[in-house]
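# Survey of secondary and tertiary structure
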Amino acid sequence: MINRVSRLVILRLLRGTRHGELTLVEPDGTVHRFGAVDAGDPLRARIELHDPQVWRAFAGGSLGIGRSYMDGAWVSPDLVAATRLGARNMPVFDRIRSRLRFLIAPVQAITGLARRNTIARSRDQIAAHYDLGNELYSRFLDPSMMYSAAVFERPGMTLEEAQTAKLDRICRKLDLQPSDHLLEIGTGWGAMAIHAARHYGCRVTTTTISAEQHALALERVGEAGLQDRIEVLRRDYRALTGTYSKLVSIEMIEAVGWQDFPTFFSVCSDRLAPDGLMLLQAITIDERAYEIEKATRTFINQLIFPGGCLPSQEVIARCVAQNTTLRAIGLEDITDHYVTTLQHWRTAFNAAADELDGLGYDERFRRLWNLYLSYSEGGFTERRICDIQLLLAGPRFTAEQLSPLPVPPRIGRAVVVTADDEAAA
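Residues numbered from 1 in each chain as written. Predicted model: local features only at pLDDT ≥ 70, side-chain atom pairs only at ≥ 80, totals over all residues. Heavy atoms only, no water.

Regarding its fold elements, the protein presents 18 helices and eleven strands. Long-range pairs, those at least 24 residues apart, make up 74% of the contacts in the protein with a sequence separation of at least 6. (Helix = DSSP H or I, 4+ residues; strand = E, 2+ residues; numbered from the N terminus. Contact = heavy atoms within 4.5 Å.)

Structure, rendered in structure tokens:
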């Protein structure tokens, strides 16, 4: 009975498809078509149902859709197209959900407090994703092990070149100098810290709460011979002390939790010198969807990033204004680069299927991650979610502090590039 009612409700909702065309094939061969193809943008998606009981799962939103895909209850010949179509039509469903906001808000307030990311809970939630094994991430990331959007500055760049370009872009925006002490919140596997110390000569203190990331970052710092410049901590951002001239956080804020966005920015403000600079790279969600999404149980925050939440740009602006002494001095949207990054990751992930299977990442796990990577690519392509680099400055920062060179001095293992060298070049 519940499955039958769910089927009727889902089919009725799908009749609201306005952008693109969805073909839905039921297990008995019944075919439904929703929407219409726009001649200027012929987006088509096809979903084939294998389990007649899948309607009940679909009624559970993205979480039910994700779980049923893991179980093989439905397939699509083009997951990216399917997620793009969903993202493109979500504003219609957002308006429906917004009308029910008065019913959802009290529940969100209660469950939000119960699910708040304490230091202990944050450690467990980070482990659930980032401690899945370095063997997994090494199979689809570039050799630097950067797990964030690259920047493809020119056609034909490899993923590794584009990740290096991203790191250089961040270092230049921060105007990193040998005299700086950079704090990085969210170490990853050490690429940012190593790049900053090796090429810009600064000291770096970097922190993570992932055991796997911490261990490999320490190893890689040692291999690079940069132990004297880089300190790798395994410490929650809320437990950090000291003051730093520069601060960077690359796609870590998504793990903070919506209840602690103000805390995150307050800590950053406290840790940054009054004349310092901070670079935040963040995945953001449309403000019109933020209030509904922030405390909803979804495919992403339950099965991929437990406890995670995407901020909106408006939420970031409010937190900066209300909880810090910082001010925004630069913003760059790098969303399109994330689409290309994800295409590289998904191709490499699928090419390594046999290896991953041998390492214990079975077909069900790989289906989940294929959906996650496709879901993300579709969201960025349709700009349901975006990626930004936001440059923030302390209250005493002045433009006169910036290096007079268009590119700050880059320090190699033994050669210092000076202003005279730049002029000669």
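The rest of the description comes next.
For the rest of this paragraph, the subject is the sheet that holds strand β10 (residues 327–333). Where strands meet in a sheet, backbone hydrogen bonds hold them as pairs that are either parallel or antiparallel. The strand order β7-β6-β5-β8-β9-β11-β10 describes an open sheet built from seven strands, whose pairing is mixed. The open sheet terminates on both sides in strands that have one partner only, identified here as β7 (230–234) and β10. Shown here is a sheet whose adjacent strand axes are inclined to one another by a mean of 15°, direction ignored. Where helix α10 (residues 211–223) meets the sheet, it contacts β6 (203–208) and β7, and its direction lies at approximately 165° from that of β7. (Pairing = 2+ DSSP bridges. Axes fitted to C-alpha atoms, helices over the stretch in contact; angles between N-to-C directions.)

To continue, consider helix α9 (residues 191–200). Three- or four-residue spacings in an α-helix give side chains the same orientation, since the helix completes a turn every 3.6 residues. Of all the ten residues making up α9, eight are buried; the element is thus mostly covered by neighbouring parts of the structure. Within the span of α9, buried status applies to Ala 191, Met 192, Ala 193, Ile 194, His 195, Ala 196, Ala 197 and Tyr 200. Of the surrounding secondary structure, the elements contacted by the buried residues of α9 are α8 (159–173), β5 (181–185), β6, α10, β7 and β8 (244–250). Just downstream of α9 lies Gly 201, where phi reads positive at about 75°. (Buried < 20%, exposed > 50% of the residue type's maximum accessible area, 1.4 Å probe, protein only.)

As a further point, take the nonpolar core. Of all hydrophobic cores here, the largest spans 93 residues; its most connected members are Tyr 147, Phe 264 and Trp 369. Not counting the four nearest positions on each side in its chain, Phe 264 is found in contact with Ile 185, Tyr 237, Ser 249, Met 252, Ile 253, Val 256, Met 278 and Leu 280. Among the nonpolar cores identified, the runner-up in size contains 29 residues, and Ala 196, Tyr 200, Leu 391 and Ala 393 belong to it. (Core = buried A, V, L, I, M, F, W, Y, C linked by side-chain atoms within 4.5 Å.)

Strand order in this open sheet of four strands is β2-β1-β3-β4, and the pairing throughout is mixed. Edge positions in the sheet fall to β2 (31–36) and β4 (74–75), since each of these pairs with one other strand and no more. Packing against the sheet, helix α1 (residues 2–14) makes contact with β1 (20–25) and β2, and its axis sits at approximately 30° to β2.

Averaged over all residues, the pLDDT of the protein equals 90, while 89% of them reach at least 70. Residue range residues 405–425 is modelled with pLDDT below 50. Its contacts to residues more than four positions away, or to other chains, number 33 contacts. (pLDDT = per-residue confidence, 0-100.)

This part is about the packing of aromatic side chains. Across all of its chains, the model carries 25 aromatic pairs by this definition. An angle of 85° between the planes, with centres 5.3 Å apart, marks the rings of Phe 264 and Phe 265 as edge-to-face. Take Phe 264: its relative accessible area is 0%, and that puts it in the buried class. Judged by relative accessible area, which is 0%, Phe 265 ranks as buried. Relative to Phe 380, the ring of Tyr 338 lies with its centre 4.4 Å away and its plane at 20°, an arrangement referred to as stacked. Of this pair, Tyr 338 sits in helix α15 (residues 335–351) while Phe 380 sits in helix α17 (residues 363–381); the two residues are 42 residues apart in sequence, bridging distant segments of the chain. (Phe/Tyr/Trp six-rings, centres within 6.5 Å; stacked < 30°, edge-to-face > 60°.)

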